[in-house]
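Architecture at a glance
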Amino acid sequence: MALLEIRNLHVSVEGTEVLKGVDLTLDAGKVHAIMGPNGGGKSTLAKVLVGDEAYEITEGEVLYNGEDILELPPEERARMGIFLGFQYPVEIPGVSNTYFLKAAVNAIRKHHGQDEMDAMDFLQLVKERAKRVKLDESLLQRPVNDGFSGGEKKRNEIFHMSVLEPKLCILDETDSGLDIDALRIVSDGVNAMRSEERGFLVITHYQRLLDYIVPDVVHVFVDGRIVKTGDKELAKQLEVEGYAAFEAAAA
Amino acid sequence: MEAVAQKTSAYFDEFGSRQQAGGQWCADLQRQGIEAFERQGFPGPREEAWRKTNLKPVTDTHFRLAEGQGAAPQGLVARLNEVGDCYRLTFVDGRFVADLSDLAGLPNGLTVTPFSEYKAQAPDRLVAALGSRASVDSHPFVALNTAFFVDGAYVHVARSARIEKPVAITHIITADANGQAVYPRLVVEAEEDAEVRIIERFIGDNETTTLVCPVSELSAAAASILDYSRLQQDGSNTINIGTVNLASQRNTSLRGAFVADGAKLARLDLIADLEGEGGEIDCNGIYLTDERQFSDFHTWFNHRVPNCYSRQRFKGILQGRSETVFDGLVKVFEGAQKTDAVQENRNLVLGKRAFAHSNPRLEIFADDVKCTHGSTVGELDEEALFYLRTRGISVESATGMLTLAFAGEIVDMFRVPAVRDHVRDVLMHRLGVADINVGAIL
Ligand SMILES: Nc1ncnc2c1ncn2[C@@H]1O[C@H](COP(=O)(O)OP(=O)(O)OP(=O)(O)O)[C@@H](O)[C@H]1O
Ligand SMILES: [Mg+2]
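To start, this report covers the structure provided alongside it.

What about the site of ligand 1?
Residue and element names in this part refer to chain A. Around ligand 1, 15 residues are found, and the nearest of them are Asn38, Lys42, Ser43, Thr44 and Tyr55. Tyrosine 55 is positioned with one of its side-chain polar atoms (N or O) 2.8 Å from a nitrogen atom of ligand 1. Here an oxygen atom of ligand 1 sits 3.3 Å away from a polar atom, N or O, in the side chain of glutamate 173. Here the element with the most residues in the shell around ligand 1 is helix α1 (residues 42-49); it accounts for three residues. Classifying every residue of the shell around ligand 1 by side-chain character gives four nonpolar, eight polar and three charged.

What to know about the coordination of the magnesium ion (ligand 2)
Residue and element names in this part refer to chain A. Protein-derived ligands of the magnesium ion (ligand 2) are Ser43 (OG) and Gln87 (OE1), with the metal-ligand distances lying across 2.0 to 2.2 Å. Separated by 44 residues along the polypeptide, serine 43 in helix α1 and glutamine 87 in the loop between β6 (82-85) and α3 (97-111) bring together distant segments of the chain. Its relative accessible area of 21% is what places serine 43 among the partly exposed residues.

What about the environment of B:Leu427?
Residues and elements named next belong to chain B. As for its placement among the helices and strands, leucine 427 is situated in helix α9 (residues 417-430). Placed 27 residues apart in sequence, leucine 427 and glycine 400 show a C-alpha to C-alpha distance of 9.0 Å. When neighbours within four sequence positions are excluded, leucine 427 is seen to be in contact with Leu288, Ile317, Leu404, Ala407 and Val411.

Some details on the packing of aromatic side chains
All names here are of chain B. Within this structure, the stated rule accounts for 21 aromatic pairs over all chains. Ring geometry for tyrosine 11 and phenylalanine 148: centres 6.2 Å apart, planes at 75 degrees, overall edge-to-face. Taken as a pair, tyrosine 11 in helix α1 (residues 10-17) and phenylalanine 148 in helix α6 (residues 140-148) lie far apart in primary sequence, 137 residues in all. When sorted by exposure, tyrosine 11 lands in the same class as phenylalanine 148, which is buried. Through successive ring pairs, a cluster of aromatic residues spans Tyr11, Phe15, Phe37, Phe42, Trp50, Phe141, Phe148 and Tyr183. Just above the ring of phenylalanine 406 sits the side chain of lysine 315; from NZ or CZ to the centre is 4.3 Å.

About the criteria used
Residues numbered from 1 in each chain as written. Chains lettered and ligands numbered in written order. Predicted model: local features only at pLDDT ≥ 70, side-chain atom pairs only at ≥ 80, totals over all residues. Heavy atoms only, no water. Near = heavy atom within 4 Å. Polar contact = N/O pair within 3.5 Å; in protein donor to acceptor, adjacent residues only side chain to side chain. Helix = DSSP H or I, 4+ residues; strand = E, 2+ residues; numbered from the N terminus. Nonpolar A, V, L, I, M, F, W, Y, C, P; charged D, E, K, R; others polar. Donors = N, O, S within 2.8 Å, 3.2 Å for Na, K, Ca; no water. Buried < 20%, exposed > 50% of the residue type's maximum accessible area, 1.4 Å probe, protein only. Contact = heavy atoms within 4.5 Å. Phe/Tyr/Trp six-rings, centres within 6.5 Å; stacked < 30°, edge-to-face > 60°. Lys NZ or Arg CZ within 6 Å of the ring centre and 35° of its normal.

Next up, the structure:
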């Protein structure tokens, strides 16, 4: 059974159809990359997968481990192991990064019938994971993303992911705004988490990320659809040729 | 022809027929109170300052002075400990109760006395202070309180005395006061260079409809520090209409922490007078309403002299179908140059049918001043809510976190640690997040 199976997904926002029949199958252990021009609907797909109620699903199914998740609220999906690293992480003044994560970890543990995590163990885990993505420790006590630089926000998303240890990791342009060092650190963070039981859906505009996080499958996403699927060579081809050929085909 | 009897108010008649209650020493003042009330009457709906406050529950009934004194139930007595270790003065249904008070070991320089201790005579300085700030002609409810108070709390801090442990004055309303009125009164005087923390608190039975009408006058002499916390946590059927006067002198630091959480109808008129150069009055407040509660803060901050500093930061959190008013004035008098005044009112409307009125006002008669005001009424940030939920946090917890974060900015400003902790507890209880570990996010 696939980790994630998207079947003929149609989604509208404010009366306009944004996703026009998406099909995608992601097996555990695999990394899929999604590339495509601005406004094609990549972030929409990511947000629909984690349950953003702003979007109206008009047709199709999304199965996670064989279970239809489209009726589930975002928190349920998160507890089942679905994670989205946001393209634009949200600032939350007044809520400390650490305590927010602690509430998240414990909500997830509770869902799996586990006890709350011991405060000391939690602190240790958090520090270790922060180090892994070279997140400055001072950012742990700061309010979530509040006043973080663009790069810090992205790193914070990867940090959250490495603490929460989800099964399906969706990363929406986590590489945008990162310099080459940060890109390497973030990629290392992701690669450290690659495993047989975990799947990644990595949305990006740039081939260079895929030099670090080598994908098993590459999808070209244009105008609400996947118009071509291939291996990592496809990403290289896109880098050279651009999306023009696909955009013409989609129109 | 028969003489037509002049129509007098029920309160006037009650005053005439009642036993002398407040002690001989204040008999004249009480008479002035009822006369002033008779001249003014209750405010009408067309009076600008009262337009949004529905006084019908007050004016439709005659609330007679609570004559007896109910026994405070254990549940309410236990709450006396919620604000930590204090010198404690406790009143039940308006009257002092020695058994619930604790004035052991008062340090030198601190006087804490219930008015009822004074019979024929009271200290001159109390007689002089009482009513000097809250004048009977300025406000009908001040007049009413002045006519009817039967007891009160007098706190005096001598020159250069530094009192660290707070003085808590608690008013408990019991079921025995149902349908009746209670008139709490507080006078606080901090002499030059003194320092003191005062907590005034209102709690009571939830089923009881009582008119609580408190008047508090606090004045801080030059270079003193006065910290005042007012926690209105009355029972849910109570009406609390009160006034607070704060007055600062040269280089005084006067801080106020205001919480309005209880009562079905609550209004506080806060008058702050900056009367000495270099004085500072810094007030932070939070109001929490649910169901059909109504809560109203009216403020008048008067910069009467140059070089003073004032802050008003009030936040509201509205649930259910509740309604709130914040109407605040900063007035800079002629010649009060270099005034630095900030007024902020922010409201978080959680209830779909809740409604927050926010009305900041500036009246400035000097040209070299720094005055700003801000006012917002908004809902929870949907994006933030969604973000938290995508990390596994429930809607309830996420709402609680965001709301606590909103309130935290104010609560953090409260200076008395026990008050700060207590208000956090109140918030968490209110928001139904007491079971999750979000308290520490504040
Ligand atoms: N909440 C929304 N309300 C209105 N329109 C939306 C909303 N979300 C997305 N859209 C629209 O849907 C389309 C797809 O947007 P989306 O953000 O999914 O594209 P994208 O592929 O992620 O683009 P980019 O590469 O620039 O991030 C755009 O036209 C966008 O304006
Ligand atoms: Mg996008």
